[in-house]
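# Residue-level structure breakdown
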Amino acid sequence: MNDVALTARQVRYTNRAFWRNPQAAFFTFAFPLMFLVIFTALLGGGTVIRNGLEFNQSTYYVASMSAFAIITACYTNLAISVTFQRDAGILKRTRGTPLPGYDYLTARVTHAIGIAVLLVVICSAFGAAFYNASIPSGVSLFRTIVVVLVGAGSFAALGLALTGAIPNADAAPPVVNATILPLLFISGVFIPIGDQAPKWVDVVGNIFPVRHLVDAFLGAYYGKPFFDFSWTDVGVVALWGVVGLVVAARTFSWEPRR
Amino acid sequence: MSDRVVEVQDLRKSYGDLEAVRGISFHVDRGEVFAMLGPNGAGKTTTTEILEGYRTRSAGDVTVLGHDPAKRERSLKERVGIVLQSTGIDPFLTVTETIEMYAGYYPSRRPTDEVIEVVGLAEKRDTRVNKLSGGQQRRLDVAIALAGDPELLFLDEPTTGFDPNARRNAWEVVKNLISIGKTVFLTTHFMDEAQYLADRVVVIAGGLIVAEGPPASIAGREQMRTRIRFRLPNGTPDPDPRVRRLPDDTYELQVEANETTKTVHDLTGWALDHGFELEAFEITLPTLEDVYLQLTGAEVGT
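Let us look at the structure shown here. (Residues numbered from 1 in each chain as written. Chains lettered and ligands numbered in written order. Predicted model: local features only at pLDDT ≥ 70, side-chain atom pairs only at ≥ 80, totals over all residues.)

### Re the overall build of chain A
- The secondary structure content of chain A amounts to 10 helices and two strands.
- Order of helices (α) and strands (β) in chain A, N terminus to C terminus: α-α-β-β-α-α-α-α-α-α-α-α.
- By the compact-globule yardstick of 18 Å for 258 residues, chain A fits well, its C-alpha radius of gyration being 18 Å.
- If you line up chain A on its principal axes, its C-alpha atoms span 55 × 35 × 30 Å.
- Taken across its 258 residues, chain A has 48% of its residues classed as buried.
- Long-range pairs, those at least 24 residues apart, make up 80% of the contacts in chain A with a sequence separation of at least 6. (Helix = DSSP H or I, 4+ residues; strand = E, 2+ residues; numbered from the N terminus. Rg over C-alpha atoms; globule rule 2.2 N^0.38 Å. Buried ≥ 20, exposed ≤ 12 C-beta atoms within 10 Å, placed from the backbone. Contact = placed C-beta atoms within 7 Å.)

### Concerning the overall build of chain B
- Scanning chain B for helices and strands turns up nine helices and 13 strands.
- Considered along the principal axes of its C-alpha atoms, chain B spans approximately 75 × 45 × 35 Å.
- The contacts of chain B with a sequence gap of at least 6 include a subset with a gap of at least 24, amounting to 68%.

### Looking at the nonpolar core
- Counting 137 residues, the largest nonpolar core has Ile70(A), Cys74(A), Ala116(A) and Ala143(B) as the members making the most contacts within it.
- Top contributing element to this core by residue count: helix α3 (residues 57-88) of chain A, with 18 residues.
- Setting aside anything within four residues of it in sequence, one finds Ala116(A) in contact with Ala69(A), Ile70(A), Ala73(A), Cys74(A), Val148(A) and Ala152(A). (Core = buried A, V, L, I, M, F, W, Y, C linked by C-beta atoms within 7 Å.)

### Observations regarding unusual backbone geometry
All names here are of chain B.
- Here Asp149, not a glycine, exhibits a phi torsion of approximately 45°, which is positive.
- Looking at the secondary structure, you find Asp149 in the loop between α5 (134-147) and β6 (152-156).
- Phi is positive for Glu157, close to 45°, though the residue is something other than glycine.
- Here Glu157 lies in the loop between β6 and α6 (164-179).

### A look at the interface of chain A and chain B
- Facing the 15 residues of chain A at the interface are 18 residues of chain B.
- Counting residues per element, the ones that place at least two in the side of chain A that touches chain B are α1 (3-19) and α4 (90-95) of chain A.
- Take the side of chain A that touches chain B: its biggest share by element is four residues, from α1(A).
- Tallied by class, residues from the side of chain A that touches chain B come to six nonpolar, four polar and five charged. (Nonpolar A, V, L, I, M, F, W, Y, C, P; charged D, E, K, R; others polar.)

### Details of the pairing of strand β7 (residues 183-188) of chain B
Residues and elements named next belong to chain B.
- Within β7, six of the six residues are buried, leaving the element largely enclosed by the surrounding structure.
- On β7, burial covers both faces: Thr183, Phe185 and Thr187 on one face and Val184, Leu186 and Thr188 on the other are all buried.
- Two elements, strand β3 (residues 33-37) and β7, share five bridges in a ladder whose sense is parallel. Across the sheet, the residue bridging to Ala35 is Leu186, located in β7.
- As defined by bridge partners, β6 adjoins β7 across five bridges and the pair is classed as parallel. From the neighbouring strand, Leu153 faces β7, where its bridge partner is Val184.
- Between β6 and its parallel partner β7, the chain crosses via α6, and the hand of that crossover is right-handed. (Pairing = 2+ DSSP bridges. Right-handed = clockwise from strand over helix to strand, strands pointing away.)

### Details of the sheet that holds strand β10 (residues 226-231) of chain B
- The four strands are arranged β11-β12-β10-β13 (chain B) in an open sheet whose pairing can be described as antiparallel. The two strands at the open ends of the sheet, each matched to only one other strand, are β11 (244-245) and β13 (279-284) of chain B.

### So, the sheet that holds strand β8 (residues 200-205) of chain B
All names here are of chain B.
- With mixed pairing, six strands are arranged side by side in an open sheet as β5-β6-β7-β3-β8-β9. Two strands bound the open sheet, and with one partner strand each, they are β5 (80-83) and β9 (208-213). Averaged over all neighbouring strand pairs, the angle between strand axes comes to 15°, with direction disregarded.
- Relative to β6, β5 is paired through four bridges, and the arrangement is parallel. Within β6, the residue paired with Val83 across the bridge is Leu155.
- Contacts from α5 reach β5 and β6, with the element oriented near 165° to β5. (Axes fitted to C-alpha atoms, helices over the stretch in contact; angles between N-to-C directions.)

### As for the environment of Leu84(B)
- Structurally, Leu84(B) can be placed in the loop between β5 and α3 (95-103).
- Considered as a pair, Leu84(B) and Glu49(B) are 35 residues apart in the sequence and their alpha carbons are 8.7 Å apart.
- Look past the residues within four positions of Leu84(B) in its chain and what remains in contact with it is Gly89(A), Lys92(A), Arg93(A) and Asp156(B).

### Comments concerning the packing of helix α2 (residues 22-43) of chain A against helix α5 (residues 101-130) of chain A
Residue and element names in this part refer to chain A.
- Orientation of α2 relative to α5, taken along the N-to-C sense of each, is 30°, at an axis distance of 10 Å. Our classification of the angle between α2 and α5 gives roughly parallel. Crossing geometry of α2 relative to α5 is assigned as right-handed. Only Ile115, Leu119, Ile122, Cys123 and Phe126 of α5 make contact with α2, whose side of the interface consists of Thr28, Phe29, Pro32, Leu33 and Leu36.
- Grouping the constituent residues of the contact of α2 with α5 by class yields nine nonpolar, one polar and no charged. (Parallel < 35°, antiparallel > 145°, perpendicular 65-115°, else oblique. Left-handed = near helix turned anticlockwise from the far one by under 90°.)

### What to know about the packing of helix α9 (residues 209-222) of chain A against helix α10 (residues 231-251) of chain A
All names here are of chain A.
- Their axes nearest at 8 Å, the elements α9 and α10 cross at an angle of 140°. One finds that α9 runs oblique with respect to α10. The element α9 and its partner α10 pack so that their crossing is left-handed. Across the interface between the two elements, Pro209, His212, Leu213, Asp215, Ala216 and Gly219 of α9 pack against Asp233, Val234, Val236, Val237 and Trp240 of α10.
- Taken together, the residues of the contact of α9 with α10 break down into seven nonpolar, two polar and two charged.

### Quick word on the environment of Gly135(B)
Residues and elements named next belong to chain B.
- Here Gly135 lies in helix α5.
- A sequence separation of 31 residues divides Gly135 from Ala166, and the C-alpha atoms of the two residues are 6.4 Å apart.
- Every residue in contact with Gly135, bar those within four places of it in the chain, is listed here: Phe162 and Ala166.

### Things to note about the environment of Val203(A)
- With respect to the helices, strands and loops of the structure, Val203(A) is situated in helix α8 (residues 199-207).
- Each C-alpha atom, one on Val203(A) and one on Ile186(A), is 9.9 Å from the other, the two residues being 17 residues apart in sequence.

### Regarding the pairing of β9(B)
- For β8(B) and β9(B), the ladder comprises five bridges, and the chain directions are antiparallel. For Ala205(B), the partnering residue across the bridge sits in β9(B) and is Leu208(B).

This is the structure in C-alpha cells:
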C-alpha cells in the first residue's frame with residue numbers, strides 16, 4: 001500500500017476508535033455547542049463594538065464557537081490523546097511496525113481536522129436554526145473553508161508540538177488547559193473583545209494565533225460591513241502552524257517519558 | 001539465505017557514565033528459540049531494543065536479517081515482529097480489528113483467524129481490548145507481532161506479571177510459534193521459561209554475557225553434582241563415607257552426575273541389606289536456577 005492508502009486506512013481506524021470512546025466524543029462535541037447556548041443565553045441580547053461596528057452577540061458567538069471547536073478538536077483533543085497514546089506505549093509499538101511515522105501522524109491530524117470541520121458545520125447549522133446567523137455562501141464560503149482548514153491544520157501542529165512539553169498522560173489535561181484557557185479568554189472566544197477592552201489584552205491577544213483565528217472567522221463568516229476579512233489573520237495562524245510543525249518535528253517523542 | 005538471523009559483535013551501550021552493555025557477542029540462527037536470561041537491570045532490554053531499532057548502540061556491530069537495525073529501514077521492519085516489555089493497545093478496537101489494523105502495515109500477512117487461533121483468543125475475537133484481561137492483552141501483543149508474518153519475533157519478558165496458569169498458556173503460544181517456523185529472540189528472568197522454551201540461552205549479568213549454551217548443559221550444568229538426600233532412624237551407621245549430616249538430621253550426599261545411578265543403587269542396596277528405610281528419599285539434579293544463581297550471584301557487586 002502506498003502512503004496515501006495507508007494514511008486513509010489509519011484515519012478510518014482512528015475514527016472508529018474515536019466514536020467508541022464516549023467521553024472524548026461527547027466533550028469534543030458538547031463543549032462548543034453547550035458554550036454557544038450558554039453564552040448566547042447569558043449575553044446574546046447585547047451588542048459588541050469592534051472597529052467601530054456594532055455586532056449582535058448571538059451571531060458573534062456562532063463564529064467564535066466555531067473557532068473554539070477547531071481549537072478543541074485539533075489542539076486540546078489531539079495533544080491529550082496523543083500524549084495518552086505515547087504514555088500507553090501505543091506510539092512505541094507503531095514505531096516498531098513498517099507504518100511510517102508521518103503516515104500515522106498525518107492520519108491523526110487528518111482525523112482531527114475532519115472532526116473540526118464537522119463541528120463547524122454543526123455550529124453553523126445550529127446558529128442558522130436558532131440565532132439567525134447567516135450560512136456563508138460564495139466568497140464567504142470559500143474564505144470560511146480556508147480559515148477552517150488553515151486553523152485546524154495549524155492548531156493540530158501546535159497540539160503535536162505541545163506533546164513534547166508534556167511529561168506524562170496525567171499532566172496532559174492541565175498542561176493543555178493552562179496553555180489554551182487564558183488565550184481563549186483574552187482572544188474574544190468566550191467574551192467578545194470590544195474596542196473598549198484594555199490595551200494589553202489587545203496587544204497580547206494579537207501575538208498569539210487564537211485571536212487571529214476568531215477574527216479570521218468573523219471576517220470570513222460575515223464580511224463587510226460587519227467585520228472586515230483580513231488575510232493577515234489567516235497568515236498569522238498559518239505562521240504559528242509552521243512554528244508548531246518545526247517544534248513538533250524536533251521534540252516529538254514516540255516513547256513514554258518515564 | 002543466511003542462517004544467521006541475528007549477529008552481534010562486541011556490542012556496547014552507555015547512558016552517560018553508566019555502561020549498561022559492556023561488550024557482548026552472540027548470534028541467533030534461523031528457526032531457533034534464543035533466550036537471553038538475566039536479572040533486572042542486566043542489560044536485556046537495552047540489548048533487545050538495540051536489535052529492534054529503538055535504541056542506537058555506542059559501539060559494536062549488529063546485524064538483523066542482514067540489516068543494521070539502527071537505520072530503522074522499513075524493509076527490515078516488514079520482516080520483524082516485536083512484543084515490547086510494556087506497551088499499550090488502542091482500548092476501543094476489538095481483537096480482530098486490532099490484528100487487521102496492524103496486519104495492514106505489512107506486505108505479507110498471516111490470516112487473522114489463524115493468528116487468533118495461534119494465541120488462543122478465538123473466543124474473544126469480537127471483544128474490545130479494554131474488556132480483555134492482562135494475560136489476554138499480552139496474547140494480543142503476540143498476535144499483533146505475528147500479524148505481518150515476520151521471520152523473526154522479539155519477545156521481551158513476555159510472561160512477567162503472569163500467574164502460573166497464564167504463563168503455561170503463554171508458553172504454549174511460543175511453542176506454537178516454533179511449530180510454524182519462526183525464529184524467536186526471547187528475554188526472561190525466569191529459569192523455567194528459558195528451560196522450557198529455549199534451544200540456546202545466554203546468561204547476562206551486569207552488561208556482560210557470563211554463560212552461553214543449551215539450557216541442559218549451560219555453564220557445565222550437566223557436570224554439576226547431583227544431590228541425594230534421605231533420613232535414617234537414629235543410631236544407624238553411616239552408609240557411605242561421603243555423606244554429610246545436615247542440622248535437620250537429614251543426610252546429604254553430593255555426587256558427580258555420571259555417578260548418580262551407581263550411587264543410588266549402592267545406597268538402596270545398603271539399606272535393603274541392613275533392613276533400614278531411607279525416608280524422604282530425594283534426588284535433585286542441578287537446575288538451571290542453580291547455574292544461574294551461581295553465575296549472576298558472582299557478578300553482583302563486581
